[in-house]
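Coordinates in review
Letter by letter, the chains look like this.
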Amino acid sequence: MSDPQSAIATGRLILLIVAASYPLSAALLVVLKLRGETVPWIWPAAWLVTGIGGLVVSWMLASTSGPWVWWALLVLLGPIMVVSTVVDWRHGYWGIVALDIAGLLAIGYGLWLARALL
């Protein structure tokens, strides 16, 4: 994509989709907790808060937004996905690890498309 506005719009869509999956992860963790799994409440809360924040900030991603939006998305979406990947790897949940890695790649690609903001 040679047009920066088009690239940013595409990156925005990718990041919106990734951020939308975070509240779904929170809901899944709540269901697991209610079924008796050992899930500290901090994890569904963290997924929900970062997902909502990611949705709000992703929506703000545009060619006129400053670099703070790019950095906010990196901080909101990246760390919890890295932690999730490590935890899932340690537990041997290989299918979920694959999804986590796909999420990390999507975050990276979305931010790479929006790099014109930097």
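Please read these numbers as outputs of a predicted model, since none were measured by experiment. (Residues numbered from 1 in each chain as written. Predicted model: local features only at pLDDT ≥ 70, side-chain atom pairs only at ≥ 80, totals over all residues. Heavy atoms only, no water.)

**Looking at the packing of aromatic side chains**
Under the convention used in this document: Two rings belonging to Phe, Tyr or Trp (six-membered ring only in the last case) form a pair when the distance between their centres is within 6.5 Å. Interplanar angles under 30 degrees mark stacking, angles over 60 mark edge-to-face geometry, and anything in between is tilted. Here's how the labels work: a residue is buried when its accessible area is under 20% of the maximum for its type, exposed when over 50%, partly exposed in between, all with a 1.4 Å probe on protein chains only. The helix and strand labels rest on DSSP assignments: H or I over at least four residues marks a helix, E over at least two residues marks a strand, and numbering proceeds from the N terminus. Ring-over charges, as used throughout, are those where CZ of Arg or NZ of Lys falls within 6 Å of the ring centre and within 35 degrees of the ring normal.
As enumerated under the stated definition, the model contains 4 aromatic pairs in all. Geometrically, the ring pair formed by Trp70 and Trp71 is edge-to-face, given 4.9 Å between the ring centres and 75° between the ring planes. You can call Trp70 buried: its relative accessible area is 11%. According to the relative accessible area criterion, Trp71 is partly exposed, its value standing at 47%. Pairing Tyr109 with Trp112 gives two aromatic rings, centres 6.0 Å apart and planes at 20°, and the pair type is stacked. Taken as a pair, Tyr109 and Trp112 lie in helix H4 (residues 94-113) at a separation of 3 residues, close to a single helical turn. Residue classification places Tyr109 among the partly exposed positions, given a relative accessible area of 41%. The aromatic ring of Trp59 is capped on one face by Arg12, whose charged end is 4.3 Å from the ring centroid.

**Structural notes on a nonpolar patch on the surface**
Going by this rule: Each patch is assembled from residues with relative accessible area greater than 30% and no salt bridge, linking like charges that lie within 9 Å and nonpolar side chains (Val, Leu, Ile, Met, Phe, Trp, Tyr) that lie within 5 Å. Note on areas: these come from Shrake-Rupley sampling with a 1.4 Å probe, and a residue is covered only by the protein chains present in the view. Any carboxyl oxygen of Asp or Glu within 4 Å of a side-chain nitrogen of Lys or Arg constitutes a salt bridge here.
Taken together, the side chains of Leu48, Ile52, Val56, Met60 and Trp68 make up a nonpolar region of the molecular surface, amounting to roughly 470 Å² of accessible area. Mapped onto the elements of the fold, Ile52 is located in helix H2 (residues 42-60). Residue class for Ile52 comes out partly exposed when judged on its relative accessible area of 45%.

**Quick word on H2**
It helps to recall that an α-helix has 3.6 residues per turn; residues three or four apart then point in one direction. Stated precisely, the cut-off is as follows: In this analysis, the expected span of each helix is defined as 1.5 Å times one less than the number of residues it contains. Contacts between residues were defined by any pair of non-hydrogen atoms, one from each residue, lying within 4.5 Å.
Spanning 19 residues, H2 covers 27 Å between terminal C-alpha atoms, matching the ideal 27 Å at 1.5 Å per step. Residues of H2 that are buried: Pro44, Trp47, Thr50, Gly51, Gly53, Gly54, Val57 and Ser58. For H2, the secondary structure elements touched by its buried residues are helix H1 (4-34) and helix H3 (67-91).

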